[in-house]
Amino acid sequence: MLLSGGQESPYFRDSRLPALEELTAQRAACASVPALPSSRVQIHGHQISAALKVLSDPVQRYLLADEVGLGKTIEAGFVIRQRFLEDPRAKVVVVAPEPLRRQWLEELLERFFVDDFPHAELVVSSHDSPEKWSQYHDFDLAVVDEAHLLAGMGEPTASPYVELRRLCHAVPRLLLLSATPVLQKETTHLGLLHLLDPQVYSWEHFDSFRQRLSVRRELATAVYSLDPLFSYLLADAIDQVRNLLPEDSRFDTLAEDVVARLDDDGDLRPDATADDLATAVAALRGHVAETYRLHRRVLRNRRVSVLNARLDDAGVMAPFEVTGRRSPQLVVLRAHEHQRGREVLEDWQVRTRDHLLDTAGDLAPYAEVLSVLTSRVGGPLDDLRDAMSFRVRHDQAAGKRADLSAQERRFLREAPRLPFEADILRDLDARRPSDGMTELVERLRPALAARRAVVFAGRGQLASSLHSTLMQQGATRVREHTRQAGAAAAEDAVREWREQGGLLICDASAEDGRNLQLADLVLHLRLPGNPNELEQRIGRVDRYGSTRSAQQVVFGDASDTGLTAAWREVLLNGHQVFTRSISALQDAVDRELQGLWLAALEDGATGLAATAPAVAKSLEDETKVLAQLDVLETSYESASPARDIAHGLAEWELSRADDSPLLRLLEGDEGFRFQLRRRQRGEVTISSGSRPPLLGPQLLAELRTVPEKSRTGWTDRWDALRNGGRLFRIGNPLIDAVGRILQLDDRGRASAHWRVDPSWRLEPLPYFAFDYLVEVDLTPAIEVARREGAGDLLALRRRADRFFEPFHRRLWIPSNEAVAVDDEKLLAWLDAPYRNNASDVNLNAQRIASLHRLFGGVDGFEEAAHDAESSARTELARMTDLPARRGFAQAAVREELAVLSAQAEARRAAAAILTDDHSAAFDRALTQALLQGIGAPKVSLVAVTCLVRSGQRWPGA
C-alpha cells in the first residue's frame, strides 16, 4: 500500500494498531480459545485445562469425570460457547435431569451468554424424554449431564440407554458429565465409554473389558512397587506385574532392559548408572500405565488435588475454594409418632433375622430392604408405611408416594415376603400417633430466622407435607423443592431462596446437581441408606465459593438408642461424610454397603455401630489404592505443559490497562466514532453516535449486526463477576466484529510523515517501521489433518498457540543501514504518536513527492523499502526474544512428542486388548508437524510506516 500511494494519516495507524495488538495479546493469553476470556467465570487452572484438552483435540468426544463440586458445568460451558463462536448457527443439545434443566439454561445464559448467538439452536432436554432425542441426531454437539444415571439403568438395548447411544453416536462432538468415579460398576463404565467410542469399547467385548478392569487394582499396586530406589525388589515386582498381564512382548522387552542393569542380588551393576535404571523403570511403568488406562478421553480432577494445589508465587491466580463441611449437631426427636416408627423398624429387623435363622434363609436381600426402611424413619410415619405397603401389598400408588427409586423398588420386590410382614403393616395402620409433624415444625422454627437454610427431607412426601403445614401456619420465606411441586416451581423456589433467603424444603429431587452453597444452615430430617447419596446431598452446599461452611443439624434419636442412631454414627465416624468429601471413594463405599446392613440385620444397632472403625480403616486403605490407580491414569502425561494458559490469562487480566485501546478505537475521532455511555456502576454501553463513523457501509454492517445485548459490558472481570453482565473480551460479538473490521480495513496499514528533530544536523533521513505478527506456521499440520480427514483448523490453531504465543513486534530500519534501531531513546522518539502540528506533517498523496525525491524518485523509494523490509525480517531474531520463544516451544513440543510416541508404541504392542492405537499415532503426527511450524514460524507484515527525520520543517510548510 505504501508503494502504491495508498498511505493515510498516521492517526489511523495510532488508533488501529494498539487495538490489533490488544486482540493478539488476548488471543495469546487464551491460546485462541475466546470462550475463556469472554465467559463470566473466575479463572481456575483445572477448569481451563480440561476445556483446552477438549478444544485442542480434532476429535472432541470426552468424559468429564471431575469429583463433585469442581465445576464440570463450567468446563462444558466453555466448550459450548466456543462451539457457537466457531459456528454461530451451530446446534447444541444438553440432556440433563429434569430438575436441573432451568439451572443449566440459567448458567449458560448468565455465565456463557449463549444469547449472543441468535441464529444458533440450543436445546436443554430432559433425562425423562428419550423419545425426543432422535430430533437431535443432526446437532453439532451433545452434552449429557449426570450421564451415569442413564448409562447404568439396565441392559444396553433397553430404554433410555438405547436412545442415548443413538444420539451420542450420531453427533460429531460429545461431552459426558459424571462425578461417578472411574472404577464404577463394569456395565455403567463400559456404557459410558461405549458412548464415546463404540469401536474401541464394544458391548460384544464386555468380558474382556471386565477382565481388564478387574486386574487394574492389583496392577496399580504392582506398578506402584516398580521403584528404582529399591532395586532389590524390582525383579519380584516385575514378575508380579507379568502374572497379571496377557502375553505382552513389549513388556518383556522393557522388563529385560531393567533387569539387565541389575546383578543377581538386585543391586546396580557397575556398568549401569542410577539415571539409566530410573529411565528404564519409567519406560516400563509408562508402558503398563498407557496400556491399562481406561480411556485417553476421560478427564478427571480430584478434589484433594485441586484444593491442595500450590498457588503461584506472584498471587496472580485466585485459589479454588469450597465452602467446606462441619460436624453436625443433633436435634433429638421425642414425638410418639417418631418413636413408633423406630419400634416398627426394629421389630421388623428382629423378626426377620429370627425367621431367616430358623429357616436357613439368605439374609442378604433383606439387608437391602432394611436400608430402604431405615431411610423412611423420622417424624411422620407416612413414608415408612407406604414403603411397607409397596413391599407387602404391591401398592404402586404407595410406592409413588414414598418416591421409591428403581433400585429401592427392586430391593423391596426381590426379597420374598415373610409371613409376619402383613401383621406388622396392619398393626402400623391400627396404631399411628399423629404428633410427628407437630414436633418437626416446632423444632424447625428457629431455622426460620436463618439467612438461608436448606432442609433435606429425603425421598417421600415428608418435604411436601412439611411445606404445606408451615404455610398453613402462616410461615413466610418458606419454599418447596419437590417432585410433587414440579421442576419449574422448584427452579423458582431456588431462585427466590438465593435472592431473598429463607427456608428451602427439599426432597431427593434437590440432591443431584443443584448449587446451594449459599446456605448457612443445613438440616437433615432423615438420612439416606446409602452414604453416596448423602455425599451427593452434602455436595449441594459444599461447593465452590468463599463463604463460611454451613452449620449442619441432624434430626433423629439420641445416641445408642436404635438403628437410626447407629446408622448416623457410622456415617459420622466411619464414612466421616459430614466432615470430608467421599466422592472419590464411592466405589469402595458401594462394595461394603451390603455388609453394613447385614451387620444391622444380624445384630441390630449394636452390630451396625460396631462397623464404624472398620469402615474408617477401609476408606483410608482405599485412598492409598486410588493414589496407586492414578499412576495408571496419569503416567506418560506431560508434567510441564507448554504454557500455563490459566496463569497467562489471569496475568493478562491483572496487567490490562483500564483505558482499553479497543474502546478508544470505537470512540475516537480517528477510530469508529461510536458513542460510549458509562453507567454509574462502571458498565459501558456502545451505540451509534451523532458523528458519521469512519467506516464504509460493508464494514459498518459488521458492527450493526451485533446483538443489542452484546453491546453492554464490563472492561474489568472482577466487576463483571460481582455485578453480572458481559465482558468486553475477544469472544464478545462486538469485540470480534472490531477484530474482523481491523483485518478487512486498510486504514492504518500504511503511513508516511515528516517529523522534526531539532537536534538533527544532517540531511533528512527516512526510517521504515515494519509491524509484524509472528505465529506458528500451520501449513504442515493442516496437511497432516487433511490426510486423516480431520479438517478442524481452529483446533490446530489452538494447539499451536498453546505452545507458541503469537506476538506483535515493530522494527525500525534506517534507509542508510541494514541494521534495526536498538537505541531506546531514538526508538521512543520514532514510536511517539503522530501529532499533526508544524513538527509532524502527514505525507499524503499530495506531499509524497518530497519523500520520493529523497530516494531519487519512485523507483529508488521502492527499492529502499524492499531492502529495508528484507533487513527487518533478518533482524527479527536479534531484536526480539523469538529464538528463546521458539526454543521453549520446541522443547515443550518434543516433550509431548516423546509422550505420544511412547503412548503409540504401548498401544500398538497391546493390540490384542486395545484397538485405538491409530488415534495416538495421529496425535503424534500432528505434533511432529507443529514442531516443524514452530521451527519456521509465519511472519506477517501488518503495517508499514516511513518517517523522515529532519532538522527542518517539511519543505512545503
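Residues numbered from 1 in each chain as written. Predicted model: local features only at pLDDT ≥ 70, side-chain atom pairs only at ≥ 80, totals over all residues. Heavy atoms only, no water.

As for the overall build of the protein
- A tally of regular secondary structure across the protein gives 39 helices and 21 strands.
- Out of the 957 residues belonging to the protein, those deemed buried represent 59%.
- Within the protein, contacts between residues separated by at least 24 positions form 78% of all contacts whose residues are at least 6 apart in sequence.
- Looking at the protein as shown, the accessible area adds up to about 38900 Å², and 49% of this sits on carbon and sulfur atoms.
- When the 120 basic and 142 acidic side-chain charges of the protein are each reduced to a single mean position, those positions are 6 Å apart. (Helix = DSSP H or I, 4+ residues; strand = E, 2+ residues; numbered from the N terminus. Buried < 20%, exposed > 50% of the residue type's maximum accessible area, 1.4 Å probe, protein only. Contact = heavy atoms within 4.5 Å. Areas by Shrake-Rupley, 256 points an atom, 1.4 Å probe, with all protein chains shown as cover. Lys, Arg positive; Asp, Glu negative; His and termini not counted. Charge placed at Lys NZ, Arg CZ, Asp CG, Glu CD.)

A word on helix 28 (residues 645-655)
- A large share of helix 28 lies buried, amounting to eight of its 11 residues.
- Buried residues along helix 28 sit in contact with helix 1 (10-30), helix 2 (35-38), helix 3 (45-55), helix 31 (717-723) and helix 34 (793-803).
- The backbone nitrogen of A646 lies 3.4 Å from a side-chain oxygen of the residue at the head of helix 28, namely D644. (Polar contact = N/O pair within 3.5 Å; in protein donor to acceptor, adjacent residues only side chain to side chain.)

Some thoughts on the nonpolar core
- Core analysis: the biggest nonpolar cluster contains 75 residues, and L36, I80 and W104 have the highest contact counts within it.
- At seven residues, the largest contribution of residues to this core is made by helix 4 (residues 72-86).
- Residue assignment places this core across two domains, with domain 1 (16-26 + 643-744) and domain 3 (749-950) each supplying three or more.
- In contact with I80, other than residues within four places in its own chain, are V92, V94, W104, L108, V114, L141 and V143.
- In this structure, L527, L563, I582 and L593 belong to the second largest nonpolar core, which totals 53 residues. (Core = buried A, V, L, I, M, F, W, Y, C linked by side-chain atoms within 4.5 Å. Domains from an automatic or database assignment.)

Description of the domain arrangement of the protein
- For the protein, the domain assignment lists domain 1 (16-26 + 643-744), domain 2 (333-429) and domain 3 (749-950).
- In this structure, domain 1 and domain 2 have C-alpha centres spaced 64 Å apart.

As for a nonpolar patch on the surface
- Side chains of L229, F230, Y232 and L233 sit close together on the surface and give an oily, nonpolar patch of about 450 Å² of accessible area.
- By the secondary structure assignment, L229 is in the loop between helix 10 (216-224) and helix 11 (234-244).
- Exposure remark for L229: the relative accessible area of 72% places this residue in the exposed category. (Patch = residues over 30% accessible without salt bridge, like charges linked within 9 Å, V, L, I, M, F, W, Y side chains within 5 Å. Salt bridge = Lys/Arg side-chain N within 4 Å of Asp/Glu carboxyl O.)

Section: the pattern of salt bridges
- In total, this model carries 67 salt bridges according to the counting rule given.
- Notably, a salt bridge pairs R102 with D492, separated by 2.8 Å at the nearest N-O pair. Placement of R102 in helix 5 (residues 101-110) and of D492 in helix 23 (residues 487-500) is noted, with a sequence separation of 390 residues between them.
- Residue R102 is classed as partly exposed on the basis of its relative accessible area of 31%.

Some remarks on the sheet that holds strand 20 (residues 840-842)
- In space, the five strands of this open sheet follow the order 19-18-21-17-20, with mixed pairing throughout. Looking at strand neighbours, the two that pair on one side only are strand 19 (807-814) and strand 20, the edges of this open sheet. Going across the sheet, the axis of each strand differs from the next one's by a mean of 25°, ignoring polarity.
- Bridge count for strand 18 (residues 765-775) against strand 21 (residues 938-950) is 11 bridges, and the pairing is antiparallel. Pairing of F770 across the sheet is with V944, part of strand 21. (Pairing = 2+ DSSP bridges. Axes fitted to C-alpha atoms, helices over the stretch in contact; angles between N-to-C directions.)

A look at the packing of helix 15 (residues 336-359) against helix 20 (residues 421-430)
- At a minimum axis separation of 11 Å, helix 15 and helix 20 run at an interaxial angle of 170°. As summarised for this structure, helix 15 and helix 20 are arranged roughly antiparallel, according to the angle between their axes. Touching R340, V344, D347, W348 and R351 of helix 15 are E421, I424, D427 and L428, all from helix 20. (Parallel < 35°, antiparallel > 145°, perpendicular 65-115°, else oblique.)

Regarding helix 19 (residues 406-414)
- Those residues of helix 19 not exposed but buried are E408, R409, F411 and L412. Summarising the axial view, the buried residues of helix 19 lie within an arc of 160°, below the 170-degree limit, and thus occupy one face. The exposed residues of helix 19 that point more than 90 degrees off its buried face are A406 and E414.
- Tucked inside the fold, the buried residues of helix 19 contact helix 16 (364-374), helix 17 (382-393) and helix 18 (396-401). (Arc of directions from axis to C-beta.)

Topic: the environment of G951
- Checked against the element boundaries, G951 lands in the segment after strand 21.
- The exposure class of G951 is partly exposed, given its relative accessible area of 21%.
- Here the alpha-carbon distance between G951 and D275, two residues 676 residues apart in the chain, equals 66 Å.
- Leaving out residues up to four positions away in the same chain, G951 has contacts with V756, D757 and W760.

Here's the deal with the side chain of Q82
- Take Q82: it is sitting in helix 4.
- The buried category is assigned to Q82, whose relative accessible area is 3%.
- The contact partners of Q82, leaving out residues within four places of it in the chain, are S32, V33, P34, A35, L55 and R798.

Things to note about the confidence of the model for the protein
- A residue-level look at the protein finds 91% of positions with pLDDT of 70 or above and a mean pLDDT of 87.
- Note that residues 635-641 has pLDDT below 50 and, in this model, 18 contacts with residues that lie over four places away or in other chains.
- Low pLDDT (under 50) marks residues 910-917, which in the prediction has 15 contacts with non-local residues, meaning those over four places away or in another chain. (pLDDT = per-residue confidence, 0-100.)

Section: the packing of aromatic side chains
- Counted by the stated rule, this structure contains 12 aromatic pairs.
- Among the aromatic residues, ring-to-ring pairing joins F768, F770, Y772, F855 and F861 into one connected group.
- Here R885 stacks its cationic end above the ring of F807, 4.2 Å away from the centre of that ring. (Phe/Tyr/Trp six-rings, centres within 6.5 Å; stacked < 30°, edge-to-face > 60°. Lys NZ or Arg CZ within 6 Å of the ring centre and 35° of its normal.)

Side note on the environment of L70
- Along the chain, the position of L70 falls in the loop between strand 1 (61-64) and helix 4.
- Taking the C-alpha atoms as reference points, L70 and Q47, 23 residues apart in sequence, are found 8.1 Å from one another.
- Residues contacting L70, with those up to four places away along its chain left out, are H46, Q47, N301, R302, R303, V306 and F320.

Brief notes about a negative patch on the surface
- A contiguous patch of negative charge, built from D263, D264, D265 and D267, is present on the exposed surface.
- Among the structural elements, D267 can be located in the loop between helix 12 (249-259) and helix 13 (274-292).

Points about the environment of I813
- Note on placement: I813 falls in strand 19.
- A C-alpha to C-alpha distance of 9.5 Å links I813 and A865, two positions 52 residues apart in sequence.
- Once residues lying within four places of it in the same chain are set aside, the contact partners of I813 are Y767, F768, F770, V819, A820, A868, S871 and A872.

A few points about the pairing of strand 12 (residues 551-556)
- Here strand 12 lies mainly inside the structure; six of its six residues are buried.
- By the bridge criterion, four bridges tie strand 7 (residues 329-332) to strand 12 in an arrangement that is parallel. Across the sheet, Q329 pairs through a bridge with V553, a residue of strand 12.
- Examined bridge by bridge, strand 11 (residues 521-524) and strand 12 share four bridges and lie parallel to one another. Looking at strand 12, one finds that H524 is bridged to V554.

A closer look at the sheet that holds strand 9 (residues 478-481)
- Spatially, 7-12-11-8-10-9 is the arrangement adopted by the six strands of the open sheet, whose pairing is parallel. Sheet topology places strand 7 and strand 9 at the edges, where each strand pairs with a single neighbour. Across the sheet, the mean angle from the axis of one strand to that of its neighbour is 20°, orientation sign disregarded.
- Sheet strands in contact with helix 23 are strand 8 (452-456), strand 9 and strand 10 (502-506), and its direction is about 145° off that of strand 9.

Regarding the side chain of Q103
- Looking at the secondary structure, you find Q103 in helix 5.
- On the basis of relative accessibility, which here comes to 8%, the residue Q103 falls in the buried class.

Things to note about unusual backbone geometry
- With an omega of 5°, the peptide bond between S159 and P160 qualifies as cis.
- Residue position: P160 is located in the loop between helix 6 (147-151) and helix 7 (161-170).
- The residue F113 is not glycine, and still its phi comes out positive at about 50°.
- Mapped onto the secondary structure, F113 falls in the loop between helix 5 and strand 3 (121-126).
- Its identity is not glycine, yet D560 carries a phi of approximately 60°, on the positive side.
- Relative to the assigned elements, D560 resides in the loop between strand 12 and helix 25 (563-575).

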